[in-house]
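Residues per chain, in single letters:
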Amino acid sequence: MKQFGARQPYMTLRIPKLGVSFLVERQPLWLIACLVLLLFICMLYATGAGSLPIPASDVFKSLIGHGDPLNDLIIREFRLPRVLTAVLAGAALALSGAVMQGMVRNPLASPDLMGITSGAGLAAVVFLNFFSGDWGIHWLPVFAAAGGAIVAGAVFLAAWKGGIAPIRMVLIGVGITALLGSARTIIMLQANIWQAAQSYTWLVGSLHSSSWSSVQMLFICLLVLSPLLFIAVRYINLHALGDEVALGAGSALQRERILLIALLTALAGAGISFVGGISFVALMSPHIARRLVGPSFGAVLPASALIGAMILVTSDLIGRTMFVPLDIPAGIFTALIGAPFFLYLLTKVWSR
Amino acid sequence: MQLSAKHLTLSYGTHNVIEDLDLDLLPGRFTVLIGSNGCGKSTLLRALARLMKAKHGAVYIDGHAIAKLPTKEVARRLAILPQSHAAPEGITVLQLVKQGRFPHQSWRRQWTEHDERVVWHALEATKTADLAHRPVDSLSGGQRQRVWIAMTLAQETETLLLDEPTTYLDLAHQIEILDLLYTLHKEGNRTIIVVLHDLNLAARYADHIVAIHNHKVYVQGPPEEIMRPEIIQEVFSIRCQIIRDPLSGTPMCVPYSGVCVYDPDGEIVR
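Residues numbered from 1 in each chain as written. Chains lettered and ligands numbered in written order. Predicted model: local features only at pLDDT ≥ 70, side-chain atom pairs only at ≥ 80, totals over all residues. Heavy atoms only, no water.

When helices and strands are counted, chain A shows 14 helices and two strands. Here the C-alpha radius of gyration of chain A, 21 Å, is about what a compact globule of 352 residues would show, namely 20 Å. Reported as C-alpha extents along the three principal axes, the dimensions of chain A are approximately 70 × 55 × 45 Å. Looking at chain A residue by residue over its 352 residues, the buried ones come to 53%. In chain A, the share of contacts with a sequence separation of at least 24, taken over all contacts with a separation of at least 6, comes to 71%. A total accessible area of about 15,900 Å² is found for chain A, and carbon and sulfur atoms account for 72% of it. Across chain A, 21 positive and 12 negative side-chain charges occur, with their mean positions spaced 14 Å apart. (Helix = DSSP H or I, 4+ residues; strand = E, 2+ residues; numbered from the N terminus. Rg over C-alpha atoms; globule rule 2.2 N^0.38 Å. Buried < 20%, exposed > 50% of the residue type's maximum accessible area, 1.4 Å probe, protein only. Contact = heavy atoms within 4.5 Å. Areas by Shrake-Rupley, 256 points an atom, 1.4 Å probe, with all protein chains shown as cover. Lys, Arg positive; Asp, Glu negative; His and termini not counted. Charge placed at Lys NZ, Arg CZ, Asp CG, Glu CD.)

Now the structure itself:
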């Protein structure tokens, strides 16, 4: 047959001994490699930038263990954990958004609509206003994660009617988000100015409290969830063709949806717990990824993660270096840098 | 593989669309389901492909209740093309058709040599191999329908169910799609079960017609037995004359109009 001779835009990866076989598309693979490189450059630059600038070459030396002691200290103790937290949290949020948009089949969907962000937000505000005196601040991520998970679970249960219709779930999520938003505002209005400011910073999303422990936790979360994401790719690709086509092709639609919802809740919850209610990353990163690599989720997921990481690293870099001595929350800049790029892609690179 | 329905009742809410229906769909046939709008023929087709749950009764594959079989196993035995389907923006023909392999794959085995062969075979059978790397949304309606049929072919099933595959297509493309199905039936030995609106095309391609009326199978048989004025009158509430299709020799239905009255020469009298 002629098509086997011609050069295809895909490569075939087969290891018969292990029963492994995959189709890998060439162009997305190259684009993802470029994104990795780009993210690495962003990270080098972000690690170097600050009140005491360190050139990228010295950053690199420190990373491989040949830097001078002062640089080592600044990088290892202060900058690197913050940059790595941004990378991991940005990736987690973007992955969560990509899974959500794939499952709901709606480009405007984001995990916010599941009530995760508002649940985590309310829990964080409650913690900062009522518990932070007695409990250490390191409990904040735990509270936020629990709040997000509880609300997402409630939305899921409320939407369950012999199965999950994603649109109904999103509508319920929107209702609950509005409700929790009001409750949060009431608490913040009664708080003192210091607590209100702290709450506000959390809600916008900031990386100022990143540490090696947040890096560790996020890394473990992503490590555990990655294999599940890998399995989910097939499901999302099939679900994208519509419920009936998916069912006809043998998808256990509802069971797979439960996996996807659990997955996106865990990803969003992990990201939000450590960096707060960062907006835009989960919504826009998958869009940008799709414009670049096309609709196949095997490519969309890694590309989204890389783009989400890049947006958050860059936003935090701007927030902490451009308004010194102020440390502006990264969440303010995620939309500010992401939106124009997104609009540019939408108008200029609409070639697919 | 034999698909059959026993005492099947299908409903939306409290409204029964199909009531206590029995039907055996013999293997190797080209069966067309006909009936008026809203008679439940599409609903029946969806239930036959387990896209809809039965209120009472059940659908059986070789005697096994379809609801109790693993859905992946069902997908390896019958494929369905629903009436409405939309391809995600930017998806290429190959990416779409490849999804048909889902029931044969696992998380680590996603593109075996056999998968690759079957997918390219499906593309060639539907004459869409040249379009393989084009986005589906850049294709014409007829091409798009052929691509979706290719996806169901990639499922490598013996039985194909299609819900009004010619709707929204012009005449040339309707013929093209039905010719394709006929070829798959004759040369590929596939059992075809399809819902069609056009009676004359149904009579031309089918070797078995099932007329759905009053929530049940009103009558079934070869086109010559079904295409009779009294049956058409009952099922579609329209008077007609049956003539021979000059090309295929199959029966052809020529309906009377409700407003025009004709004399025997075909001139409009009123």
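Now, onward.
What follows covers the interface of chain A and chain B. Counting from both sides, the interface comprises 37 residues of chain A and, opposite them, 40 residues of chain B. Carbon and sulfur atoms supply 58% of the area buried between chain A and chain B, which totals about 3,400 Å² over both sides. Joining chain A to chain B, the criterion identifies three salt bridges. A salt bridge links Arg291(A) to Glu89(B); the nearest nitrogen and oxygen atoms lie 3.6 Å apart. Listing elements by their share of the side of chain A that touches chain B, those giving two or more residues are helix H1 (2-5), strand S1 (10-15), strand S2 (20-25), helix H9 (212-239) and helix H10 (243-248) of chain A. (Buried area = accessible area lost by both parts, 1.4 Å probe. Salt bridge = Lys/Arg side-chain N within 4 Å of Asp/Glu carboxyl O.)

By the definition in use, this model includes 15 salt bridges over all chains. Across the salt bridge formed by Arg257(A) and Asp243(A), the nearest N and O atoms sit 2.9 Å from each other. With a gap of 14 residues between them, Arg257(A) in helix H11 (residues 253-275) and Asp243(A) in helix H10 connect regions that are remote in the sequence. Note that Asp245(B) and Arg204(B) form a salt bridge whose closest N and O atoms lie 3.2 Å from each other. With Asp245(B) in the loop between strand S11 (240-244) and strand S12 (251-255) and Arg204(B) in helix H7 (residues 199-205), the pair connects residues that are 41 residues apart, well separated along the chain. For Arg204(B), a relative accessible area of 28% puts it in the partly exposed group. A single salt-bridge network, built from bridges that share partners, covers Arg82(A), Asp316(A), Arg320(A) and Asp327(A).

Quick look at the pairing of strand S2 (residues 15-25) of chain B now. Residues and elements named next belong to chain B. Alignment of strand S1 (residues 3-12) against S2, held across seven bridges, turns out to be antiparallel. Each bridged residue has a counterpart across the sheet, and for Ala5 the counterpart in S2 is Leu23. Connecting S1 to the antiparallel partner S2 that follows it, the hairpin turn spans two residues, and Gly13 within it adopts a positive phi of roughly 65°. (Pairing = 2+ DSSP bridges.)

This part is about the pairing of strand S6 (residues 78-81) of chain B. Residue and element names in this part refer to chain B. Taking every second residue as pointing to the same face, both faces of S6 are buried, with Leu78 and Ile80 on one and Ala79 and Leu81 on the other. For S6 and strand S7 (residues 159-163), the ladder comprises four bridges, and the chain directions are parallel. Considered in S7, the bridge of Leu81 is made with Leu162.

What follows covers the packing of aromatic side chains. In total, this model carries 12 aromatic pairs over all chains according to the counting rule given. Here the aromatic rings of Phe131(A) and Phe143(A) are separated by 5.4 Å at their centres, their planes lie at 45°, and the arrangement is tilted. Of this pair, Phe131(A) sits in helix H5 (residues 116-131) while Phe143(A) sits in helix H6 (residues 140-159); the two residues are 12 residues apart in sequence, bridging distant segments of the chain. Their ring planes at 65° and their centres at 6.0 Å tell us that Tyr182(B) and Tyr205(B) sit as a pair that is edge-to-face. (Phe/Tyr/Trp six-rings, centres within 6.5 Å; stacked < 30°, edge-to-face > 60°.)

Residues and elements named next belong to chain B. If you check helix H4 (residues 113-125), its first and last C-alpha atoms are 18 Å apart, about what 13 residues at 1.5 Å a residue would give, namely 18 Å. Listing the buried residues of H4 in full gives Asp115, Glu116, Val118, Val119, Trp120, Ala122 and Leu123. In the stretch just after H4, Lys127 is the one whose phi turns positive, near 55°. (Expected span 1.5 Å × (residues − 1).)

With that out of the way, let us pick up the sheet that holds strand S5 (residues 64-65) of chain B. Residues and elements named next belong to chain B. One open sheet holds the four strands; their spatial order is S2-S1-S4-S5, and the pairing between them is antiparallel. With partners counted over all chains shown, the strands left at the sheet margins are S2 and S5, one partner each. Judged from the two bridges that link them, strand S4 (residues 56-61) and S5 form a sheet pairing that is antiparallel. Bridge pairing links Tyr60 to Ala65 in S5. Seen against the sheet, helix H1 (residues 41-48) touches S1, S2 and S4 and runs at an angle of roughly 120° to S1. (Axes fitted to C-alpha atoms, helices over the stretch in contact; angles between N-to-C directions.)

Across a sheet, paired strands are connected by hydrogen bonds in the backbone, their directions being either parallel or antiparallel. Residue and element names in this part refer to chain B. The strand order S6-S7-S8-S3-S9-S10 describes an open sheet built from six strands, whose pairing is mixed. Strands at the two margins of the open sheet, each flanked by one partner only, are S6 and strand S10 (216-221). Across this sheet, the average inter-strand angle for adjacent strands is 15°, counted without regard to direction. Contacting strand S3 (30-34), S6, S7, strand S8 (191-195) and strand S9 (208-213), H1 crosses the sheet at an angle of about 150° to S7. Helix H5 (residues 141-154) rests against S6 and S7 of the sheet, and its axis sits at about 160° to S6.

Turning to a nonpolar patch on the surface, a few remarks are in order. Together, Phe40(A), Phe60(A), Leu63(A) and Ile64(A) make up a nonpolar patch on the protein surface, roughly 360 Å² of accessible area in all. When you line up the elements, Leu63(A) lands in helix H3 (residues 56-63). (Patch = residues over 30% accessible without salt bridge, like charges linked within 9 Å, V, L, I, M, F, W, Y side chains within 5 Å.)

Met100(A), Met103(A), Met114(A), Met169(A), Trp202(A) and Leu301(A) are the most contacted members of the largest nonpolar core, which totals 88 residues. Broken down by element, this core gets its largest block of residues, 15 residues, from helix H4 (residues 69-104) of chain A. Filtering out sequence-adjacent residues up to four positions away, Met114(A) remains in contact with Met100(A), Val151(A), Ala152(A), Val155(A), Met169(A), Gly173(A), Ile261(A), Leu264(A) and Thr265(A). With 63 residues, the next largest nonpolar core counts Leu131(B), Val147(B), Leu181(B) and Leu184(B) among its residues. (Core = buried A, V, L, I, M, F, W, Y, C linked by side-chain atoms within 4.5 Å.)

Okay, the environment of Ile175(B) next. All names here are of chain B. Structurally, the position occupied by Ile175 is in helix H6 (residues 171-186). Overall, Ile175 belongs to the partly exposed group, its relative accessible area being 23%. Separated by 171 residues in the primary sequence, Ile175 and Ser4 place their C-alpha atoms 28 Å from one another. When residues no more than four places from it in sequence are discounted, the contact partners of Ile175 are Leu201, Arg204 and Tyr205.

None of this, on its own, says anything about what the molecule does.
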